[in-house]
Amino acid sequence: MGDNKDEQFMAYAILEAKKAEAIGEVPIGAIIVCDDEIISRGYNERETTNQTLAHAELTAIARANKIKSSWRLEDCTLYVTLEPCPMCAGAIVQSRLKRVVYGASDYKSGCAGTLMNLLDDPRFNHQVIVTSGVKQKETSYLLTNFFKQLRSRK
């Protein structure tokens, strides 16, 4: 899959992140693509739902499982605006996603290459292809701007 296609799909993940931001959530968005079609979407809803598991990736994975009528997403790619955390990286491996494409690196909990790479660990029974830094400036700005505004309100 070419860079141009990755950028086009990341733009849709960014739209999901903006939905989160619009309801006061940390702006993180995700989509899952199979055969060049978006089959599911998700955005961060932890504050809204008071649910630890309400990460963008997990919502998108759960919806894709329903649509595919399978827990296996072997032919799919996840696009997410922020590098997956350990919880989401584990779910990505468990769901057998083929590929993950992310925008901004997460220096506090990134498990797709920054702190560690759970997605490509040969000790697991499945490895995921990782592409990082797609629309990195835009995805990073969404997050830094959100937290800057949050601090200025306090």
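Quick note: structure is the one above.
Within each chain, residues carry numbers counting from 1 in the order of the written sequence. Selection of residues for local features in this predicted model requires a pLDDT of at least 70, selection of side-chain atom pairs for listing and counting requires 80 or more, and totals for whole chains, interfaces and linings are taken over all residues. Side-chain figures throughout are based on the complete set of non-hydrogen atoms in the structure, without hydrogens or water.

Draft legend 1. Representation of the nonpolar core in the model. Ile 32, Leu 78, Ile 92, Leu 97 and Leu 119 are the most contacted members of the largest nonpolar core, which totals 31 residues. Runs of H or I in DSSP of at least four residues are treated as helices and runs of E of at least two as strands, each being numbered from the N terminus. Listed by contribution, the elements that provide at least two residues to this core are β1 (29–34), α3 (56–68), β3 (76–82), α4 (86–94) and β4 (99–104). Contacts of Leu 78, omitting those with residues within four sequence positions, involve Ala 30, Ile 31, Ile 32, Glu 57, Ala 60, Ile 92, Leu 97, Arg 99, Val 100 and Val 101. Residues grouped as a nonpolar core are buried Ala, Val, Leu, Ile, Met, Phe, Trp, Tyr and Cys residues, joined through side-chain atoms within 4.5 Å. Relative accessible area decides the class of each residue, using a 1.4 Å probe on protein chains only: under 20% of the type maximum gives buried, over 50% gives exposed, and in between gives partly exposed. Any two residues whose heavy atoms approach within 4.5 Å are treated as being in contact.

Draft legend 2. Molecular detail of helix α1 (residues 3–22). Helix span, as expected, comes to 1.5 Å for every residue beyond the first. Between its first and last C-alpha atoms α1 spans 28 Å; for 20 residues at 1.5 Å apiece the expected length is 28 Å, and the two agree. Where α1 is concerned, the buried positions are Asp 6, Phe 9, Met 10, Ala 13, Ile 14, Glu 16, Ala 17 and Ala 20. Projected down its long axis, α1 shows its buried positions confined to an angular sector of 170°, all on one face. Away from the buried face of α1 by more than 90 degrees, exposed residues Asn 4 and Ala 22 are located. Of the surrounding secondary structure, the elements contacted by the buried residues of α1 are β1, β2 (37–43), β3, β4, β5 (129–131) and α5 (136–153). The arc in question is the one spanned by the directions pointing from the helix axis to the C-beta atoms.

Draft legend 3. Geometry of the state of the cysteines. Criterion for a disulfide: a pair of cysteine sulfur atoms within 2.5 Å. For the structure on display, the rule yields 1 disulfide. There is no disulfide at Cys 88, and the cysteine sulfur nearest it, in Cys 85, is 3.8 Å away. No disulfide involves Cys 111; its sulfur sits 7.2 Å from the nearest other cysteine sulfur, which is in Cys 85.

Draft legend 4. Summary view of the pattern of salt bridges. Throughout this description, the term salt bridge denotes a Lys or Arg side-chain nitrogen within 4 Å of a carboxyl oxygen of Asp or Glu. Applying the stated criterion across every chain yields a total of 7 salt bridges. A salt bridge links Glu 16 to Arg 41, with the shortest nitrogen-to-oxygen separation between them at 3.8 Å. Of this pair, Glu 16 sits in helix α1 while Arg 41 sits in strand β2, and the two are 25 residues apart along the sequence. Two residues, Arg 123 and Asp 121, come together in a salt bridge whose shortest N-O distance is 2.6 Å. Judged by its relative accessible area of 75%, Arg 123 is exposed. Overlapping salt bridges bring together Glu 16, Lys 19 and Arg 41 as one network.

Interpretation in functional terms is not warranted from these geometric data alone.
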